[in-house]
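One-letter residues, chain by chain:
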Amino acid sequence: MSARPNPRRPDFFIPGAPKAGTTALYDYLRQHPQIFLPAAKELHYFGSDLERRRTPRPTLGEYLRYFADARDELRVGEASVRYLHSRLAAREIAEFSPGARAIIMLRDPVEMMYAMHSELVFIGAEDIEDFADALAAEDDRRRGRRIPPGANRPVALLYRDSARYTEQVERFFDALGRERVHVILYDDFKADTLAAVRDVLRFLEVDDTFEPAIRVVNPSKRSRSRLVRDVAANPPGFLRAVARAVMPPHLRKRVFRTVLNMNARPERRPPMDPQLRRRLRAEFAPEVERLGRLLERDLSAWSAAA
């Protein structure tokens, strides 16, 4: 069956936060017969304020091509975790898809930052392997210094900015309307994944009796070979030129992810330094309190001393 000449536009988005269960939710929703999600995640068409160092923003045609196989599904969506961080993405989404809905997933900010640092090291976007040192480099990186060659979106290296959820969530509330934004806490998602997924299905107004296969998605991992990781993250110029000449963006993305997965080995993330954890919990306590008021949830566990 051929693709539609005029692809459908997505009507729901999973804009983040990073390392808060978005990949797992994306996998579970893709299993639903009434929902279409493209094979590729992290399309990042919106968020025109976010700098890209290597890969250009997709054109509208390239972006819509990801949805060319959508048929009669009730919902069409995508997931790109940097939309939450962007100052402009929420408004751009509202203008692009009137009536769009958003599913925001939030995790204890200290745990999220630590997990995100580990992920960026794995994909070759972070070259400072010590988490405390990476945090200390944020001021330099905000000025455009000490950016690794493999960092396509340097904003990801501003860990603290990614964890300031309150203003990020407020932007989506303001742009889409609070009733069209569904917020999931990672703690709830982990404690009863199926119940959390069913809440999302009800929010999307699709059959909530469907039960996806619940499985481990995107576990903690390390690279087998740093050389393979670094070449994949920052290919030589000639190789990048050839790839762009012969492969469309969605295929390049798939090849990149395949290489990373083949180069991965499961490895439990080591515990964070207890003193650093305590300092970060104290630093983020006011932010956590603000977020709790916005969501009308008790988030004090996120500020508790370890």
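Everything discussed here concerns the structure shown above.
Residue numbering note: each chain is counted from 1, following its sequence as written. Per-residue local features of the predicted model are confined to residues with pLDDT of at least 70, and side-chain atom pairs are confined, for both listing and counting, to 80 or more; whole-chain, interface and lining totals are unaffected and use all residues. To obtain the side-chain values, all non-hydrogen atoms of the structure were included, while hydrogens and water were left out.

Describing the overall build of the chain
Item 1. Secondary structure assignment for the chain yields 14 helices and 7 strands.
Item 2. Each residue's exposure class comes from its accessible area (1.4 Å probe, protein chains only) as a fraction of the maximum for that residue type: buried when under 20%, exposed when over 50%, partly exposed otherwise. Each of the 306 residues in the chain was classed as buried or not, and the buried ones make up 51%.
Item 3. Residues are treated as being in contact if the distance between any of their heavy atoms lies within 4.5 Å. At a minimum sequence separation of 6, the contacts of the chain that also span at least 24 residues come to 77%.
Item 4. Accessible surface is estimated by sampling points in the Shrake-Rupley manner with a 1.4 Å probe; for residues, cover comes only from the protein chains shown. Roughly 14,800 Å² of accessible area belongs to the chain as shown, and the carbon and sulfur atoms make up 51% of that amount. Every helix listed is a DSSP run of H or I at least four residues long, and every strand listed is a run of E at least two residues long, numbered separately from the N terminus.

Brief notes about helix α4 (residues 109–123)
Item 1. Here the expected length of a helix is defined as 1.5 Å per residue gap, with one fewer gap than residues. Compared with the 21 Å implied by 1.5 Å per residue over 15 residues, the 21 Å span of α4 between its first and last C-alpha is a close match.
Item 2. Of all 15 residues that make up α4, 14 are buried, and the element is covered over most of its length.
Item 3. Measuring from the side-chain oxygen of the N-cap residue of α4 to the backbone nitrogen of Val-110 gives 2.9 Å; that N-cap residue is Asp-108.
Item 4. Residue Gly-124 follows α4 closely and has a positive phi angle near 85°. Within 3.5 Å is the distance limit for a polar contact, defined as a pair of N or O atoms, with the added protein rule that one can donate a hydrogen and the other accept it, and that residues adjacent in sequence qualify only through two side-chain atoms.

As for the packing of helix α8 (residues 165–176) against helix α14 (residues 274–295)
Item 1. Running from amino to carboxyl end, α8 crosses α14 at an angle of 25°, the nearest separation of the two axes being 8 Å. One way to sum up the angle between α8 and α14 is to call them roughly parallel. From α8, Tyr-165, Thr-166, Val-169, Glu-170 and Phe-173 reach across to α14, where they touch Glu-287, Arg-290, Leu-291, Leu-294 and Leu-295.
Item 2. Under the grouping applied here, Gly and all other residues not named as nonpolar or charged are polar, the nonpolar ones being Ala, Val, Leu, Ile, Met, Phe, Trp, Tyr, Cys and Pro and the charged ones Asp, Glu, Lys and Arg. Looking at side-chain class alone, the contact of α8 with α14 contains 6 nonpolar, 1 polar and 3 charged residues. Axis definition: a line fit to C-alpha positions, over the contact stretch in the case of helices; interaxial angles, taken between N-to-C directions, run 0 to 180 degrees. With respect to orientation, any angle under 35 degrees is reported as roughly parallel, any angle over 145 as roughly antiparallel, any angle of 65 to 115 as roughly perpendicular, and every other angle as oblique.

Notes on the pattern of salt bridges
Item 1. Salt bridge, as used here, is a side-chain nitrogen of Lys or Arg placed within 4 Å of a carboxyl oxygen of Asp or Glu. A complete count under the given rule lists 27 salt bridges for this structure.
Item 2. Salt-bridge contacts for Asp-11 lead to Arg-75; the nearest nitrogen and oxygen are separated by 3.6 Å. Here Asp-11, found in the segment before β1 (12–14), pairs with Arg-75, found in strand β3 (residues 75–79); they are 64 residues apart in sequence, far enough to count as distant. The residues Asp-11 and Arg-75 share a single accessibility class, namely buried.
Item 3. The residue Arg-215 makes a salt bridge to Asp-27 at a minimum N-O spacing of 2.8 Å. Separated by 188 residues along the polypeptide, Arg-215 in the loop between α10 (193–204) and β6 (221–223) and Asp-27 in helix α1 (residues 22–30) bring together distant segments of the chain.
Item 4. Note on Arg-215: relative accessible area 43%, which makes it partly exposed.
Item 5. Using a relative accessible area of 16% as the deciding quantity, one classes Asp-27 as buried.
Item 6. Each of Asp-11, Arg-75, Arg-101 and Glu-205 takes part in a single network of salt bridges with overlapping partners.

Things to note about the packing of aromatic side chains
Given two aromatic rings, one states the distance between the centres and the angle between the planes to describe the pair.
Item 1. Pairing of aromatic rings covers Phe, Tyr and the six-membered ring of Trp, with a centre-to-centre limit of 6.5 Å; geometry is then stacked below 30 degrees between planes, edge-to-face above 60, and tilted otherwise. In the structure shown here, the tally under the stated rule is 12 aromatic pairs.
Item 2. Residues Tyr-45 and Phe-46 carry aromatic rings whose centres are separated by 4.9 Å and whose planes lie at 80° to one another, so their mutual orientation is edge-to-face.
Item 3. What makes Tyr-45 buried here is its relative accessible area of 11%.
Item 4. With a relative accessible area of 4%, Phe-46 lands in the buried category.
Item 5. Ring geometry for Phe-46 against Phe-96: centres 5.1 Å apart, planes inclined by 70°, an arrangement best described as edge-to-face. One end of the pair, Phe-46, is in the loop between β2 (35–36) and α2 (60–65); the other, Phe-96, is in helix α3 (residues 89–96), with 50 residues separating them in the sequence.
Item 6. An aromatic cluster of three or more residues is present, and its members are Phe-13, Tyr-45, Phe-46, Tyr-63, Phe-67, Tyr-83 and Phe-96.
Item 7. In this analysis the charged atom, NZ for Lys or CZ for Arg, is taken to sit over a ring once it is within 6 Å of the ring centre and within 35 degrees of the ring normal. The lysine or arginine in question, Arg-107, covers the ring of Tyr-186, its NZ or CZ lying 4.4 Å from the ring centre.

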